[in-house]
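Structure at a glance
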Amino acid sequence: MEARMSEPTAPATDLMQKVVSLCKRRGFVFQSSEIYGGLKSAYDYGPLGVELKRNLMNEWWRAMVHEREDVVGLDASIIMHPKVWEASGHLAGFSDPLVDCKNCKERFRADKAPKVEAGTKVTYLEGGKKGGKTLNGVAERGYICPVCGSSDLSNERQFNLMFRTQIGPIDVLGDLTRFVEENRHLSGVDLRAGIEGLVKESAVHLRPETAQAMFVQFLNVQQTQSMKIPFGIAQMGKSFRNEVTVEHFIFRSVEFEQMEMEYFVEPGTQGDWLEYWREARMKWWQSYANHPEKFRARAHEPSELAHYADRCYDIEYDYPWGFGELEGVASRTDYDLGKHQEHSATKLSYFDQQKQDPTTGKTGWRYLPYVIEPAAGATRGVLVYLLDAYHEEPVPDAKGEDATRVVLKLHPRLAPIKVAVLPLVKKDGLPEIARDLVARFRKAAINARYDEQHAIGKRYRRHDEAGTPYCLTIDGQTKEDGTVTIRDRDTMKQVRIAMDEALRIVSERLASV
C-alpha cells in the first residue's frame, strides 16, 4: 500500500477540539455514562467508532498473523493467576509516586511533573482558574503542578496502577469487618498488615498489559503448533491501568485496547530483529496515513530503558501537543521467560537440534529465547488516524457561496462505512432499489449504509464527516437505464456506472488501496 498525501488544513492549535466535537457529533466516541455526568477517563465507542477500531485491529491482525507463517494468535483471559504478576514484577514495582496539588486539586505523578530548580520562586493563579488571585510560592522539591504551576503540594504517596478485585464466592468484607472488630488493639501498621493478608487470599488483578499471557503460554503454543525459532505470538485485547493522569481524550485512559506481539528469537540475533520490526511497524502505520511524515521512530536513551530491555524504540506521532508514543518496539532479552521459569519451576527453554551449543561446542542447543515486542495501542491508533484524516476544505454551497467542507479522509479499509446508498427521493420506487443494492453489498461483507434523510447535499456532507469513501445515488435515470452515480469522497467527482457493476467496482477500489 502507498501512503496517500495531502496538505493539512486545520490548525494544530484547535485540531484536537474539532476532532473531539466531530467524534461526538457523528457517533465515533461518547463519554462513558454521560447521562450520569460521565466517568473521567472512560469512553464508549459509538456506531462509527467501533467499526473504525475493529477495522484497524483487523488490519493489524491480517498483517501480523494472517500474512505470516511465523506468527500465531492467542486470546488469553483478562484475569490471570496472581503469581503471574509477582513473577513479572508488576505487583512489586507497578506503582508511582503521587502528589496532590493543594491549589487546583489535581493529582499527578511526581516523576512526570514539570521540573524546575529547587528553590525557584513561582507564581500561579489561585484555584488554577482565570481571574484567580495571583499567588507566590517556592518550588522546594524541584517540580511544580503540571496544571496550574503551583508549588503548594502534598507529600508524595505510592499508588498502584493495577486494578485489584476479588475472586471466589466468599464476601471478603465480612472477614475484614470481623478482623477489625477483634483486633482494635493493634497499631495502624499491624492492622493494615492483617487486612492486606486477608485481602490477598482472594485478590486478583485486571491485566495491565496483554504481554504476560504470551510468555506464560510460550511452551504450549510452541509445542502444539510445532513452531521453530524465530516465531511470534500475537494478541489483541483490553488492558487496564489505574492511570493517575488521563489526558488528551482517548490518548490515555484507564481502559484501553492493545495490539501486541512477542517475537521469540535466538540470543545474539535480537539486535537485527529489533531493527527489522522497527522498520516493519513504521511502514505499517505510515501506509494508512495521509501524512506519513508525522511518524518517527525514536530510540530510547539508556536512562529511559525499562529494567527488562537492552534496547527500545518508540514509534511516535506528531499529535497537536507534540510527539507522543503510539507503539513501542522493545528488545526484552530473556527477562520474562526467565522470571516465569524461575517462579513457576517450569522449563520454558527451547531446544534446537541443529544448532551448535556455544558453551559445549556440541550439536544441539537448549536456550531461553530472547524476545522482540512490538506493542501498539489500538485506541491510540484510532486517535492518530482521526487526527490524520481530519480535513477542512473550501467549497461552494448550494447557492454558490463560500462554505467549508469537513471531511475525514480515512483510508478506505479503515473507514467505518465503505459505501452509502442514497435514493434521491423517498418515492417512485427509488428506496426499494437502493435497499436492494445495500443488501448486495452486505451479502458480500462490505459495510454499506442506506440513507434517505435530508437533501442529497446534506447527506454527502454527513458521509464526508463519517469518512465514507463512496456514495451511490439512485435517481430517476436509474429506473430508465440501470445506472447510478458514484461519488468519490476525496475528489467529490461523480460518474455514472451500471448498477449491476457497482459491487464489483467498489470491491476493486477497496482492494487496490
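None of these values were measured; they are calculated from a predicted model. (Residues numbered from 1 in each chain as written. Predicted model: local features only at pLDDT ≥ 70, side-chain atom pairs only at ≥ 80, totals over all residues. Heavy atoms only, no water.)

**Considering the overall build of the chain**
Applicable threshold: Only DSSP runs of H or I with at least four residues qualify as helices, and only runs of E with at least two residues qualify as strands; both kinds are numbered from the N terminus onward. The charge count treats Lys and Arg as positive and Asp and Glu as negative. His and the chain ends do not count. The location of each charge is read from NZ of Lys, CZ of Arg, CG of Asp or CD of Glu.
For the chain, the helix and strand inventory stands at 15 helices and 25 strands. In terms of overall dimensions, the chain has a C-alpha envelope of 90 × 75 × 50 Å along the principal axes. Averaged over its 70 positive side-chain charges, the chain has a centre that lies 3 Å from the centre of its 75 negative ones.

**Regarding the side chain of N55**
Short version of the rule: Nitrogen and oxygen atoms within 3.5 Å of one another constitute a polar contact, given that in protein one can donate a hydrogen and the other can accept it, and given that sequence-neighbouring residues count only through two side-chain atoms. The contact rule is simple, with two residues in contact once any of their heavy atoms fall within 4.5 Å.
In this fold, N55 is placed in helix α2 (residues 47-66). Of the polar contacts made by the side chain of N55, one reaches the backbone oxygen of L414; its length is 3.1 Å. Setting aside residues up to four positions removed in sequence, N55 forms contacts with R413, L414, A415, P416 and K418.

**Observations concerning the sheet that holds strand β11 (residues 231-240)**
The criterion, for reference: Whether two strands pair depends on DSSP finding at least two bridges between them. As a rule, the C-alpha atoms of each element are fitted with a line to give its axis, helices using only the stretch in contact, and angles between N-to-C directions run from 0 to 180 degrees.
Read from one edge of the open sheet, seven strands run β3-β11-β12-β18-β15-β14-β13, paired in mixed fashion. Each end of this open sheet is capped by a strand with a single partner; those strands are β3 (71-73) and β13 (295-299). Across the sheet, the axes of successive neighbouring strands diverge by a mean angle of 25°, strand direction being ignored. Relative to strand β15 (residues 322-333), strand β14 (residues 311-319) is paired through nine bridges, and the arrangement is antiparallel. In the sheet register, R311 faces β15, and the bridge partner there is S331.

**Description of the sheet that holds strand β23 (residues 470-474)**
Taken together, the five strands give an open sheet; going across it, the order is β22-β21-β23-β24-β25, and neighbouring strands pair in mixed fashion. Edge positions in the sheet fall to β22 (448-450) and β25 (494-498), since each of these pairs with one other strand and no more. When strand polarity is set aside, the average angle formed by the axes of neighbouring strands in this sheet is 25°. The pairing of β23 with strand β24 (residues 483-488) spans four bridges and is antiparallel. Bridging from a neighbouring strand, Y470 pairs with D488 of β24. Across the sheet, helix α12 (residues 430-443) is in contact with β21 (419-423), β22 and β23; its angle to β22 comes to roughly 165°.

**Points about helix α11 (residues 378-389)**
Under the convention used in this document: Any helix carries an expected span of 1.5 Å times its number of residues minus one. Burial classes follow relative accessibility: with a 1.4 Å probe on protein chains only, a residue under 20% of its type's maximum area counts as buried, one over 50% as exposed, and anything between as partly exposed.
For α11, built from 12 residues, the straight-helix expectation of 16 Å at 1.5 Å per residue is met to within 8% by its first-to-last C-alpha distance of 16 Å. Of all the 12 residues making up α11, 12 are buried; the element is thus mostly covered by neighbouring parts of the structure. Along α11, the residues classified as buried are A378, T379, R380, G381, V382, L383, V384, Y385, L386, L387, D388 and A389.

**Things to note about the pattern of salt bridges**
If charged atoms from side chains of opposite charge come close, those side chains can pair. Here is the rule we go by: For this analysis, a salt bridge means a side-chain nitrogen from Lys or Arg found within 4 Å of a carboxyl oxygen belonging to Asp or Glu.
Enumeration according to the criterion identifies 37 salt bridges in this entry. For E59, the salt bridge identified is with R62, shortest N-O distance 2.7 Å. Linking E59 with R62, this pair stays in helix α2, spanning three residues, or about one helical turn. Of the residues examined, R62 reaches a relative accessible area of 27% and is grouped as partly exposed. Each of E393, R405, K409, R461, D464 and R487 takes part in one network of salt bridges that share partners.

**Structural notes on a nonpolar patch on the surface**
The condition is simple: Patch definition: residues above 30% relative accessible area lacking any salt bridge, with like charges linked at up to 9 Å and the nonpolar side chains Val, Leu, Ile, Met, Phe, Trp and Tyr linked at up to 5 Å. Note on areas: these come from Shrake-Rupley sampling with a 1.4 Å probe, and a residue is covered only by the protein chains present in the view.
Together, I78, I79 and I167 make up an exposed nonpolar region whose accessible area comes to about 240 Å². By the element assignment, I167 lies in the loop between β9 (164-166) and α5 (172-182). Taking the relative accessible area as the measure of exposure, I167 reaches 52% and is therefore exposed.

**Description of the environment of G174**
In this structure, G174 sits in helix α5. Separated by 248 residues in the primary sequence, G174 and L422 have C-alpha atoms spaced 61 Å apart.

**A short note on the packing of α12 against helix α15 (residues 502-512)**
To be explicit about the condition: Every angle not falling under 35 degrees, over 145, or within 65 to 115 is termed oblique; those three ranges are roughly parallel, roughly antiparallel and roughly perpendicular. The sense of a crossing depends on the near helix, which, turned anticlockwise from the far helix by less than a right angle, makes the crossing left-handed and, turned clockwise, makes it right-handed. We call Asp, Glu, Lys and Arg charged. Ala, Val, Leu, Ile, Met, Phe, Trp, Tyr, Cys and Pro are nonpolar, and the rest, Gly among them, are polar.
With their axes 10 Å apart at the nearest point, α12 and α15 run at an angle of 45° to one another. The angle between α12 and α15 places the two elements in the oblique class. Seen along the crossing, α12 lies across α15 with a hand that is right-handed. Of α15, the residues touching α12 (which contributes L437, R440 and F441) are A502, L503 and V506. Its residues assigned to classes, the contact of α12 with α15 comprises five nonpolar, no polar and one charged.

**Quick notes on the layout of surface pockets**
Test applied: Think of a 1 Å grid over the protein atoms and nothing else: a 1.4 Å probe that fits but is trapped marks a cavity, an open set flanked by protein within 12 Å on at least five of seven lines marks a pocket, and residues with an atom within 4 Å of a point count as lining. Grid points are joined across faces, edges and corners, and a volume is the space filled by probe spheres set on the points.
In this structure, the second largest pocket encloses a volume near 430 Å³. Forming the boundary of the second largest pocket are 13 residues, of which L91, N160, R164, E196 and H205 lie nearest the centre. Taken together, the elements giving at least two residues each to the lining of the second largest pocket come down to α3 (82-88), α4 (90-93), β8 (157-160), α6 (188-201) and β10 (203-205). Ranked by residues supplied to the lining of the second largest pocket, first place goes to α6 with three residues. Each residue belonging to the lining of the second largest pocket can be placed in one class, and the counts come to six nonpolar, two polar and five charged.

**Observations regarding the nonpolar core**
Going by this rule: Here, nonpolar core means buried Ala, Val, Leu, Ile, Met, Phe, Trp, Tyr and Cys residues that are tied together by side-chain atoms lying within 4.5 Å of each other.
By size, the foremost hydrophobic cluster in this structure holds 57 residues, and its most contacted members are W285 and Y385. Looking at this core element by element, the count peaks at nine residues for α2. If sequence neighbours within four positions are ignored, Y385 has contacts with L56, W284, W285, Y288, A289, L410 and L414. Listed in part, the 26 residues of the second largest apolar core include L74, M80, M162 and Y367.

**Observations regarding α12**
For clarity, the cut-off: Think of it as the arc spanned by the lines of direction from the helix axis to the C-beta atoms.
Across its 14 residues, α12 extends 20 Å between first and last C-alpha, which sits within 8% of the 20 Å expected from 1.5 Å per residue. Here α12 has its buried residues at L430, P431, A434, L437, V438 and F441. Down the axis of α12, the smallest arc covering the buried residues is 125°, so these residues share one side. Projecting away from the buried face of α12 at angles above 90 degrees are the exposed residues E432 and K443. On its buried side, α12 packs onto β21, β22, β23, α14 (476-481) and α15. After α12 finishes, the residue A445 shows a positive phi value of roughly 65°.

**Details of the packing of α2 against α11**
Orientation of α2 relative to α11, taken along the N-to-C sense of each, is 110°, at an axis distance of 10 Å. Regarding the angle of α2 to α11, the classification is roughly perpendicular. Residues L52, K53, L56 and M57 of α2 touch α11, and the partners they reach there are A378, T379, G381, V382, Y385 and L386. Tallied by class, the residues present in the contact of α2 with α11 amount to seven nonpolar, two polar and one charged.

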